[in-house]
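Letter by letter, the chains look like this.
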Amino acid sequence: MRGLGSPAKKSSYIKSLIRCMDATRPCRVQHAALRAIYEVRDELASITSSSMPEDINAELLDELSGALSTAMQNHDGGLDASRDLKYIHIIFAMTKNVEWCQRLTSHCHLQRCIDLVAVDTVIMHDWAVGFYLTVIIGRLYTVSNNNNIAFDSLPTQNHPWWTLIKNTWMHARYNVGNDDYINGITALVTATRSNIFSGEQPADVTNKVQEALDDLQRPDRQATFVESGVAQAAVEAAISSVKDLCDYLGRVEQPKTS
């Protein structure tokens, strides 16, 4: 099937995917459904309340979000790189849409993604996937806070969360020309400032954020973004957001150096 199919079949196709991700279905069936959603993630992410296809409504999309969460919850504690990478790409696409952010937060996807930081070490070796996961967490964290939705924070100093944050900022320069990077900066800043991690922030995180800011401020870097189709205003907003983060991190560190 091409995409979600013809207008008359979109609803039935989504319903079949939901059934395939039911908690009672075998893992191979759930994985097949996840792969199918991965293939149509951008089409699903583009659906809003003002552009609902025929026979699709918010309730059906809520069910799909819940089914995705169930499929991931059934495998908590086990590493499956293929499954987890597809899930991260799916949720990254969906969180570009504020309506999907609300929906995903209601179905515990923030917790699913926080859990992946600890379980799935593949993100530590793929800076692009690490960026996607961090941006997802930042986007859903904002919605979670606004709606007072609880999640489990990460408790220990040596938790891989700060390794993920540091690596994401360290590899930021490789995102030159990528509008996903510019559009994700605000969420990356939010994730870095969040209280998802309850321990003390390592000093080298500040250094990596400053390096990313220095790189963003280079005229040739900004020109590359604009030439690739990123709006100049978006680039300037991203720079301002990272500057604010640097100021914040400087204030946080000040008591330790005085």
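Residues numbered from 1 in each chain as written. Predicted model: local features only at pLDDT ≥ 70, side-chain atom pairs only at ≥ 80, totals over all residues. Heavy atoms only, no water.

With 14 residues, helix H11 (residues 203–216) extends 21 Å between its outermost C-alpha atoms, agreeing within 8% with the 20 Å of an ideal straight helix rising 1.5 Å per residue. Within the span of H11, buried status applies to Val205, Thr206, Lys208, Val209, Ala212, Leu213, Asp215 and Leu216. (Helix = DSSP H or I, 4+ residues; strand = E, 2+ residues; numbered from the N terminus. Expected span 1.5 Å × (residues − 1). Buried < 20%, exposed > 50% of the residue type's maximum accessible area, 1.4 Å probe, protein only.)

For the coordinates displayed, the defined rule picks out two cavities of 30 Å³ or more. Of the volumes computed, that of the second largest cavity is approximately 30 Å³. Along its surface, the second largest cavity is lined by Trp169, Met170, Ala172, Arg173, Glu211, Ala212 and Asp215. Taken together, the elements giving at least two residues each to the lining of the second largest cavity come down to helix H9 (161–170) and H11. Among the elements that make up the lining of the second largest cavity, the one with the highest residue count is H11 (three residues). (1 Å grid on protein atoms, 1.4 Å probe; cavity = no way out; pocket = protein on both sides within 12 Å on 5 of 7 lines; lining within 4 Å. Points joined across faces, edges and corners; volume = space filled by probe spheres on them.)

Let us look at the nonpolar core. Core analysis: the largest hydrophobic core is formed by 75 residues, its most contacted members being Ile14, Leu44, Met94, Ile137, Trp161, Trp169 and Tyr181. Here the element with the most residues in this core is helix H8 (residues 127–146); it accounts for ten residues. Discounting residues that sit within four places of it in the chain, leucine 44 has contacts with Leu4, Ile14, Ile37, Leu64, Met94 and Trp100. (Core = buried A, V, L, I, M, F, W, Y, C linked by side-chain atoms within 4.5 Å. Contact = heavy atoms within 4.5 Å.)

At a minimum axis distance of 8 Å, the contact between H9 and H11 shows a crossing angle of 20 degrees. Accordingly, the angle class assigned to the pair H9 and H11 is roughly parallel. As for the relative orientation of H9 and H11, their crossing is left-handed in sense. Where H9 abuts H11, its residues Trp162, Ile165, Lys166, Trp169 and Met170 lie against Asp204, Val205, Lys208, Val209 and Ala212. (Axes fitted to C-alpha atoms, helices over the stretch in contact; angles between N-to-C directions. Parallel < 35°, antiparallel > 145°, perpendicular 65-115°, else oblique. Left-handed = near helix turned anticlockwise from the far one by under 90°.)

With that settled, the discussion passes to the pattern of salt bridges. Counted under the stated rule, the structure contains nine salt bridges. Of the charged contacts, one joins glutamate 211 and lysine 208 as a salt bridge, the two residues approaching to 3.8 Å between their closest N and O atoms. Here glutamate 211 and its partner lysine 208 are both found in helix H11, three residues apart, which amounts to about one turn of the helix. With relative accessibility at 32%, the residue glutamate 211 sits in the partly exposed group. For lysine 208, a relative accessible area of 18% gives the class buried. The partner of aspartate 215 in a salt bridge is arginine 218, with the nearest N and O atoms 3.7 Å apart. (Salt bridge = Lys/Arg side-chain N within 4 Å of Asp/Glu carboxyl O.)

With that out of the way, let us pick up the environment of serine 16. Position of serine 16 relative to the elements: it lies in helix H1 (residues 10–20). Taking C-alpha positions, serine 16 is 10.0 Å from leucine 64, a pair spaced 48 residues apart along the chain.

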